[in-house]
Amino acid sequence: MSEIEESFKRIQTHKGVVGVLIINRNGSVIKSTFDQETSVSYSKMVIDIFPKADQLLKINSDNDELSFFRVRSKDNDIMITPDKDFFLLVVNKIHKE
Amino acid sequence: MDTEAMKNQRKKELEEMKKRLAEIKEKNKNSKAAATTKPTISSPSTTDAPAGTSSPPTTGMDFDSFIDSVNQIVPTPTSPTTAAADSTTTTTASTTGSTGAGGYRAVLSIHTMVSEIDIPPKETIMYTKTSQTVDLDSAVNTASSGTNEDHHQTPNKNNKNKYHMHTLTTSQENATSTNNTESPPTNTATTNTSTEQTDDNDKDQDDVVIPELDDFEKQNILDSDAFKSFFTKSSKVIERALYLDDSVDILVDYTLSDDSKSKSSGKELKLVATLADERWTKHRSVTDINWSPKHPELVVSSYSANEAGSHDPDGVVLVWSVNNYFQKPEYVFNCQSPVMTTFFSKFHPTLIVGGTYSGQIVIWDTRAKSTPVQRTPLSSVGHTHPVYSMAVVGSANANSLVSISTDAKLCSWNLENLLQPIETIELNNTKNTSSSGTGSGTGASSSVSGAGSSIAVTSLIFPENELSQFYIGTEEGVVCQASRHGSKIVMNERYKGHFGPITSVDLHPSKGNVDFSQYFISSSTDWTVKLWSTKKEAPIYSFEDYVDYVYDARWSPVHPSVFATGDGSGLLSLWDLNQDLESPIFRHKVSQRSVNRLSWSHDGKKLLVGDSGGSLSLFDSTEFSSPTSEEWNQFEDVIDKMVSKSHSQDSPLLGSNETDGMANLSISDQ
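Residues numbered from 1 in each chain as written. Chains lettered and ligands numbered in written order. Predicted model: local features only at pLDDT ≥ 70, side-chain atom pairs only at ≥ 80, totals over all residues. Heavy atoms only, no water.

Asks: Would you explain the overall build of chain A in this entry?
Replies: Counting secondary structure elements, chain A contains two helices and five strands. Secondary structure elements in chain A, listed N-terminal to C-terminal, are α-β-β-α-β-β-β. Counting over 97 residues, chain A shows a buried share of 43%. Pairs at least 24 residues apart make up 35% of the contacts formed inside chain A by residues separated by at least 6 positions. For chain A, the exposed surface amounts to about 5,400 Å²; the carbon and sulfur share of it is 52%. (Helix = DSSP H or I, 4+ residues; strand = E, 2+ residues; numbered from the N terminus. Buried < 20%, exposed > 50% of the residue type's maximum accessible area, 1.4 Å probe, protein only. Contact = heavy atoms within 4.5 Å. Areas by Shrake-Rupley, 256 points an atom, 1.4 Å probe, with all protein chains shown as cover.)

Right, dumping it as structure tokens:
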């Protein structure tokens, strides 16, 4: 447990990270650094977009599984690692030196 | 504007058409029965499309007249046209979901057009029609102008498809903009489906009820094993991605700005990161570093016991990833005794082998827990002195682990079974003689030069692809070349020149157009690093620019004339023999304490330096990783010069054989 807390904190405090969110397959928020409203809106989007991304990947290889999912703009970056039951989402603001 | 005009025109035409229809109806009423089959097939299908629609009753009336008209003209070539056009347009009209009045008007206009224009069907027209059906009015026009009975079904289908797609996009638009407006009651089937889809989308967007968990449920999930394993896995992935972002900008645009990035002129190593861990490396010193043969970014390092004392085990081996400088090692492995040497097994990328101070050899598996999966017995069967050096030799199918210890024993092990060595051989100092395992025990002799005394080996190195021939560095300050023949070990050459215990031996990696594989360097506590040829017993050159013990010296794996050393004063020194023989070309104070171990990555682009403060310093050595082919020839010249010099002058530092022997004697006398 403490190790999870530690990793969570480390990711959260990494330079540029705006927030971290963990949800389960139904979209229920398990752990979040965002407020409830933001968390839920992220959660809804993830739930919505994940099956599509998965299908996109499956066009080419049927039995492949989506394991990392990233949306990136010039300054913003959202990373999602989906699993069988959970999603870990990190919102990252790209910092420029 | 156009449409208005067209509508007016159509109205006129319509009236004409009605008249004509009435005429034809009356004339050919009797031919109805014969021709019903086809039109009825087509017309139900069209009525199916808008199934259960609220299309105005007028449409139904129209149908009657259509059928009638079709029936009467069946024998003539124009009749199919009419039928097809009629039915399709009905579909379009009804499916477009325009208001009832509009639909009605459209339908009527078709009749006019059909009857007026009598164009033989063309295949291509079908495409035009389908592509234009989106636009109601033009669709009606083109539809009326073409198609025959054969194509009747297909265009119809196309129509539907087209519409389906169209409605899909509109529905999505609706969904994204605002809540879809209430569909008008006059809407037909397709629009109904469109609203259904809109509803679906709405659900996705807004109406999905996300179950909320209370604190207790959340805690339950957080404590579950499934969650833990998920989080351990994915947090690593995320962190890698995060750290990768720091070092690599995937969106870098080289067409922009050119002001930054001025390259520093002087060649040097750049300190990139320091790998250390509060719990596992503090108060410990680095004893060994080795890169993974499979994953170029993975590195394994071993540490001595905690000087400050702790409840953690004495033996610590950490696996680091240098791509993303985690503040945390990827894996932590433990054992009871301090680990003196460690590496990834060449043929088993998940296995990590460690040699401990107690003489025990342990194997960890990255797939298993932090405790060893295998260990050798702590008895005289194995080693009883610290294991400072080991090597895996052989091929992927037949390999063994060779370990050597200061108890003068060489053991071969099967990596699958460490319970008992495959063979044990006593090392003996006598040149060209050997004794097999059982006899002399571990007799640690104080006399160095006496024949028959055993050798305390501090470093062992096998040339690449070599099974029996190897080089050892000893506590006595002698480097030996030895070969195994069955259960015997024959000492072939003894390279004398160092006045203190050898701390490292490294063979030239030699992967270029000139073969330097006969050259090797050794470091010693006598404050020197020496360059040797395997064909000469005396050193070729001695590098003396040190004021402390030299703990390690390693050739660059890619650059022929470059090697790096670490010494007791905490200095990392980089020598380029093509540039300077007297002093290193680059020096960096890595630590307040001593630098214990160095390790180049396989591509020569990274150099890891381990110190006795427990930190690994990662240096970027990219500037030394791409030597030109000239460097090889140049180095050949340098070596030739050194060899001829060492012949001509009997420098006491380089040592001829005689002075060397004297020195050895004097040491042993003390």
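Asks: It is not clear to me how the side chain of T366 of chain B should be interpreted in this structure. Could you clarify?
Replies: Residue and element names in this part refer to chain B. As for its position among the elements, T366 is in the loop between β8 (361-365) and β9 (374-375). T366 sits in the buried class, given a relative accessible area of 17%. Not counting residues within four places of it along the chain, the set of residues in contact with T366 comprises Y331, F333, T350 and I352.

Asks: I would appreciate a short explanation of the nonpolar core in the present structure.
Replies: The nonpolar side chains of soluble globular proteins are, as a tendency, buried together. Formed by 21 residues in total, the largest nonpolar core has its most connected members in V529, L531, F543 and F563 of chain B. For this core, the elements supplying multiple residues, two or more each, are β20 (519-524), β21 (529-533), β22 (541-543), β23 (550-555) and α13 (629-648) of chain B. In this structure L531 of chain B touches Y519, F520, I521, P539, I540, Y541, F543, W555 and M642 of chain B, once residues within four positions along its chain are discounted. F8, V17, M79 and F86 of chain A belong to the second largest nonpolar core, which has 20 residues in total. (Core = buried A, V, L, I, M, F, W, Y, C linked by side-chain atoms within 4.5 Å.)

Asks: Looking at this model, I keep getting lost on the environment of L581 of chain B. Mind explaining?
Replies: All names here are of chain B. When you line up the elements, L581 lands in the loop between β25 (571-576) and β26 (586-589). Taking the C-alpha atoms as reference points, L581 and M642, 61 residues apart in sequence, are found 9.7 Å from one another. Discounting chain neighbours no more than four positions away, the residues touching L581 are Y541, F543, W575, V638 and M642.

Asks: Just to check I follow, could you spell out helix α1 (residues 2-13) of chain A for this structure?
Replies: Since one α-helical turn is 3.6 residues long, residues separated by three or four positions face the same way. Residues and elements named next belong to chain A. With 12 residues, α1 should cover 16 Å at 1.5 Å per step; its first-to-last C-alpha distance of 16 Å lies within 8% of that length. Every buried residue belonging to α1 is among I4, S7, F8, R10 and I11, and all of these are buried. Buried residues of α1, seen end-on, are gathered within an arc of 160° and therefore sit on one face of the element. In α1, the exposed residues that point more than 90 degrees away from the buried face are S2, K9 and T13. (Expected span 1.5 Å × (residues − 1). Arc of directions from axis to C-beta.)

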